[in-house]
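# Structural description and commentary
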Amino acid sequence: SRTDTVFNVDNYHPLAQSVLSSGSLHLDGRPSAKREPLYPIALAAAYGLGGQRYDAVWAAHCLLGTATVALVFLLGLRLFGPPEAWLAAGLAAVYPQFLYYAAFPGRETFVTFLFPAALLSSLALFRSPSRPLVVGAAALWASLPLANTAFLPAAALSGPALWLAGRRLGRDLRGWAAALTLGVLALWGLWPLRNALAFGRFIPGMEEGGAHVYVQFVVPNWAFGLKEEGEFLGRDPVVREGMALPPVERDRFFYRAAVSRVLEHPLGFVKIMFTSFVKMWRLYPYPRQYPGGYAKVLAVSLLSDGWLVPLAFIGMFLAGVRRPELALVNAPLAAVIGVYMVMWAIIRYRLPLMPLMLVYAAHGLGRLAARLRPRGA
């Protein structure tokens, strides 16, 4: 098993222990919104089956990773066809980042499973609307922001995307789209309702959301994760003032400070959004002290993301927007990317998007191979 330091990533371990012992999310004896609720609940379920051990987490993640490969296959089959489906599933099965984060006791593998599952639920609902499918789709889409608040706009767009795709084919799906949207908001709304009762204020996700937005105004991308990050934060008077506040008040303070910075420097914020997009889709991480050395991480990144990420964007471009069902996957994808353009993000935050990107990479590879194949071959 791993040490407590590695095991307790982002407070998920004590939150899961709290779920097991009391059926609620507490830290240090008090209600907590330090993290969204769904992954601690899932982690508690893994503990209940396998004990409070790292092996239980690892086994659960391996099962989720295997299921994700199957979802990638189904997504490729539904969007493009058998060749793309098999290729995308093969890529997913050996994708180094999926393998690495299966051993990481955090939410990445969990959310990476949920996103393609939600996309497939929308595609199934689009093909053959029914009450069971709309209930299932609402549950899957609502589960995403309950695991990672960055997916809230994507979940909210699932209904409008269904309506838009239907309209392009002359189908009236307004009722189903409305039912999906209302179902998503109703299920997700249980969490901010709990927070309002526990803290007396609206918290849509986690307590530190405001800090995640504000910190990018203070710390340049290259400094995150280095000692210089603390130096930049320590010199900023707004950060010093905010960190002296209680967590719930601190969150509201940083959101307001971020809005003020945007209004004062709108063009500077546009630049930040662009650099955030570039950072999120970097082909390799910044130099850091990684276990095993940076050279190994760089080589693995270039041999995987180095060609898969560009190929995915090529495949997306070649797929175009003419097929209505693509709106069902592109709108949520764009929404998540948009969220990470306005808040602090790192490369691993794109991991849940990679199942769809691998499908696009398989499509791009197939289209490019067809164009390079000699005529008559």
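Just above sits the structure.
One structure accompanies this document, and this report is about it. Chains are numbered independently. Their residues run from 1 in the order of the written sequence. Where local features are concerned, this predicted model is filtered to residues with pLDDT of at least 70; where side-chain atom pairs are given and counted, the filter is 80 or more; whole-chain, interface and lining totals use all residues. Side-chain descriptors were evaluated using all non-hydrogen atoms of the structure, hydrogens and water having been removed beforehand.

### Here we look at the overall build of the chain
On a plain count of helices and strands, the chain comes out with 20 helices and two strands. Within these notes, the globule rule equals 2.2 Å times the number of residues to the 0.38 power, and the radius of gyration is based on C-alpha atoms. A compact globule built from 377 residues should have a C-alpha radius of gyration of about 21 Å, and the chain, at 21 Å, falls within 12% of that. Partly exposed residues are those whose accessible area sits between 20% and 50% of the maximum for their type, while under 20% is buried and over 50% is exposed, using a 1.4 Å probe and protein chains only. Per-residue burial for the chain yields a buried fraction of 49% across its 377 residues. Expressed as a percentage of contacts within the chain between residues at least 6 apart in sequence, the contacts between residues at least 24 apart total 72%. Calculation of accessible area relied on Shrake-Rupley with a 1.4 Å probe; when residues are assessed, cover is drawn exclusively from the protein chains displayed. Element-wise, carbon and sulfur atoms account for 67% of the exposed surface of the chain, whose accessible area totals about 17800 Å². Each charge class in the chain was averaged separately, 35 positive and 20 negative side chains, and the resulting centres sit 11 Å apart. For the purposes of this entry, the term helix denotes a DSSP run of H or I that reaches at least four residues, the term strand denotes a run of E that reaches at least two, and both are numbered from the N terminus. We call two residues in contact whenever any of their non-hydrogen atoms come within 4.5 Å of each other. Counted charges follow a simple rule, with Lys and Arg positive, Asp and Glu negative, and His plus the chain ends left uncounted. Every charge is mapped onto a representative atom, which is NZ of Lys, CZ of Arg, CG of Asp or CD of Glu.

### What to know about the environment of G200
Mapping G200 onto the fold places it in the loop between helix 11 (190–199) and helix 12 (209–214). Residue class for G200 comes out exposed when judged on its relative accessible area of 65%. For the pair formed by G200 and R235, sequence separation is 35 residues and the distance between their alpha carbons is 32 Å.

### A word on the pattern of salt bridges
Salt-bridge detection follows one rule: a side-chain nitrogen of Lys or Arg within 4 Å of a carboxyl oxygen of Asp or Glu. Under the counting rule described, the total for this entry stands at nine salt bridges. The residue R107 makes a salt bridge to E36 at a minimum N-O spacing of 2.8 Å. In this pair, R107 sits in the loop between helix 6 (96–102) and helix 7 (108–127) while E36 sits in the loop between strand 2 (30–31) and helix 3 (38–50), placing the two residues 71 residues apart along the sequence. Summarising the burial analysis for this pair, R107 and E36 share the class buried. A salt bridge links K227 to E231; its shortest N-O distance comes to 3.8 Å. On the criterion of helical spacing, the pair formed by K227 and E231 is a turn pair, its members being four residues apart in helix 13 (residues 227–235). Through salt bridges that share partners, K227, E228 and E231 make up one connected network.

### Overview of the nonpolar core
One finds L79, W141, L180 and L353 to be the most contacted residues of the largest nonpolar core, which totals 109 residues. Ranked by residues supplied to this core, first place goes to helix 7 with 11 residues. Among residues more than four places away in sequence, those in contact with L180 are L125, V134, A137, A138, W141, S158, G159 and L162. What makes a nonpolar core is a set of buried Ala, Val, Leu, Ile, Met, Phe, Trp, Tyr and Cys residues whose side-chain atoms join them at distances within 4.5 Å.

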